[in-house]
Amino acid sequence: MVSRRNFAAGIGLTALGAAAVAGSAKAADNAPGTFSRIRQSRKLRIAGIVGTEPYFHKDIATGEWSGFCVSMARDLAAAMEAEVEIIESTWGNSVLDLQANKIDIMFGLSPTPSRALTVEFTTPLMNNTFTIVSRQDFAPATWEALNTPDVRVAVDIGSTHDLFARRVLPKANLIALKTPDEAMLAVQSGRADCVIQVAMLSLVTVKKNPRLGTITVPTPIMQQPTSAGVRVDPDSRFLNYVNNWLEYNRALGTLRGWIISNLALVGVEEKDIPERIQF
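Residues numbered from 1 in each chain as written. Predicted model: local features only at pLDDT ≥ 70, side-chain atom pairs only at ≥ 80, totals over all residues. Heavy atoms only, no water.

### Some remarks on the packing of aromatic side chains
- If you walk through the whole model with that rule in mind, you get 8 aromatic pairs.
- Ring centres 5.7 Å apart and planes at 90° place the aromatic pair Tyr55 and Trp91 in the edge-to-face group. Here the residue Tyr55 occupies a position in the loop between strand 1 (43-48) and strand 2 (57-58), and Trp91 occupies one in helix 4 (residues 91-99), the gap between them amounting to 36 residues.
- A residue is classified by how much of its surface remains accessible, and Trp91, at 27% relative accessible area, is partly exposed.
- Centroid distance Phe130 to Phe164: 3.9 Å. Interplanar angle 10°. Geometry classified as stacked. (Phe/Tyr/Trp six-rings, centres within 6.5 Å; stacked < 30°, edge-to-face > 60°. Helix = DSSP H or I, 4+ residues; strand = E, 2+ residues; numbered from the N terminus. Buried < 20%, exposed > 50% of the residue type's maximum accessible area, 1.4 Å probe, protein only.)

### Brief notes about the nonpolar core
- Ranked by size, the top nonpolar core spans 51 residues in total, and within it Ile105, Phe107 and Phe279 carry the most contacts.
- When near neighbours in sequence (up to four residues on either side) are disregarded, Phe279 contacts Met126, Asn128, Ala199, Met200, Leu203, Arg256, Ile259, Leu263 and Ile273.
- Core analysis: the second largest hydrophobic core is formed by 16 residues, Val151, Leu169, Ala172 and Cys194 among them. (Core = buried A, V, L, I, M, F, W, Y, C linked by side-chain atoms within 4.5 Å. Contact = heavy atoms within 4.5 Å.)

### Examining empty space enclosed by the protein
- The full count for this structure, using the stated rule, is 1 cavity of 30 Å³ or more.
- Taken together, Thr34, Asp104, Glu120, Val230, Arg231, Asp233, Asp235, Ser236, Phe238 and Leu239 form the lining of the largest cavity.
- For the lining of the largest cavity, the secondary structure elements donating two or more residues are strand 12 (223-231) and helix 8 (237-252).
- Considering only residue class, the lining of the largest cavity consists of 3 nonpolar, 2 polar and 5 charged. (1 Å grid on protein atoms, 1.4 Å probe; cavity = no way out; pocket = protein on both sides within 12 Å on 5 of 7 lines; lining within 4 Å. Points joined across faces, edges and corners; volume = space filled by probe spheres on them. Nonpolar A, V, L, I, M, F, W, Y, C, P; charged D, E, K, R; others polar.)

### Observations regarding the layout of surface pockets
- Looking at the largest pocket, its volume works out to about 980 Å³.
- The wall of the largest pocket is formed by 34 residues, among which Trp91, Asp156, His161, Pro180 and Leu201 lie closest to the centre.
- When contributions to the lining of the largest pocket are tallied by element, the ones reaching two or more residues are strand 5 (105-109), helix 5 (160-168), helix 6 (180-188), strand 10 (194-198), helix 7 (199-208) and strand 12.
- The biggest single contributor to the lining of the largest pocket is helix 6, with 5 residues.
- For the lining of the largest pocket, the residue count by class is 11 nonpolar, 18 polar and 5 charged.

### Focus: the pattern of salt bridges
- The tally for this structure, following the rule as stated, stands at 16 salt bridges.
- Of the charged contacts in the structure, one is a salt bridge between Asp272 and Lys207, with a shortest N-O distance of 3.2 Å. Taken as a pair, Asp272 in the segment after helix 9 (254-263) and Lys207 in helix 7 lie far apart in primary sequence, 65 residues in all.
- When its relative accessible area of 27% is taken as the criterion, Asp272 is described as partly exposed.
- The class of Lys207 is partly exposed, set by a relative accessible area of 35%. (Salt bridge = Lys/Arg side-chain N within 4 Å of Asp/Glu carboxyl O.)

Have a look at this one:
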């Protein structure tokens, strides 16, 4: 039997627990937004991904980071009177890092509908053109020419290349492989006629190994926006600030300059970029 004293004590503990939960929720609601946190800490936190040139490059000897995304992050940080702090991650984990408040922004993400359920996206950093890397004697002029069972198209499973191919080339003989490297090897070994890659990757692929094949930009030109992801924040000031910063640098031509200069990290020069590819 519960005594009146114990019943009252139980009510008191329940009330204390409810107050604690309410206090935690209130503290979370009152936590500073991303913009305020960066201004206070003077730190802009981003994820860095090893071996994804020209987006990110980490010098093994010095630990120094460079690349297209790092150039942008440093300029944004300087504009906000802060410094860049880089946390090593992966493309897949970077969205989780945003949600967990480990980073403030992730450059170089495709704004897919599934990702947009959990994070917000800036206006595009660039439009990344879909290309194919094919054997030397295979250069279809149009996407429709690829859309036949006679053409073997390699893609890496679950990637934007894979999603694009399934939408645009439903009749093609798709060879879905686990990694981009396996997809490229399929072309090199003759198992596939071509592999689909966005321009930022195909330019690097062919420069590293010209024997793999040539870059073709079929018509009509198909592109995919590449943006920056930010955490969902009741205070939209950071997202608005980044969009303003992007528009300012786009108008000056600075964004394209960062792309071209960081492609040079892997030996790609401006003359190596086909005319149909515009950043």
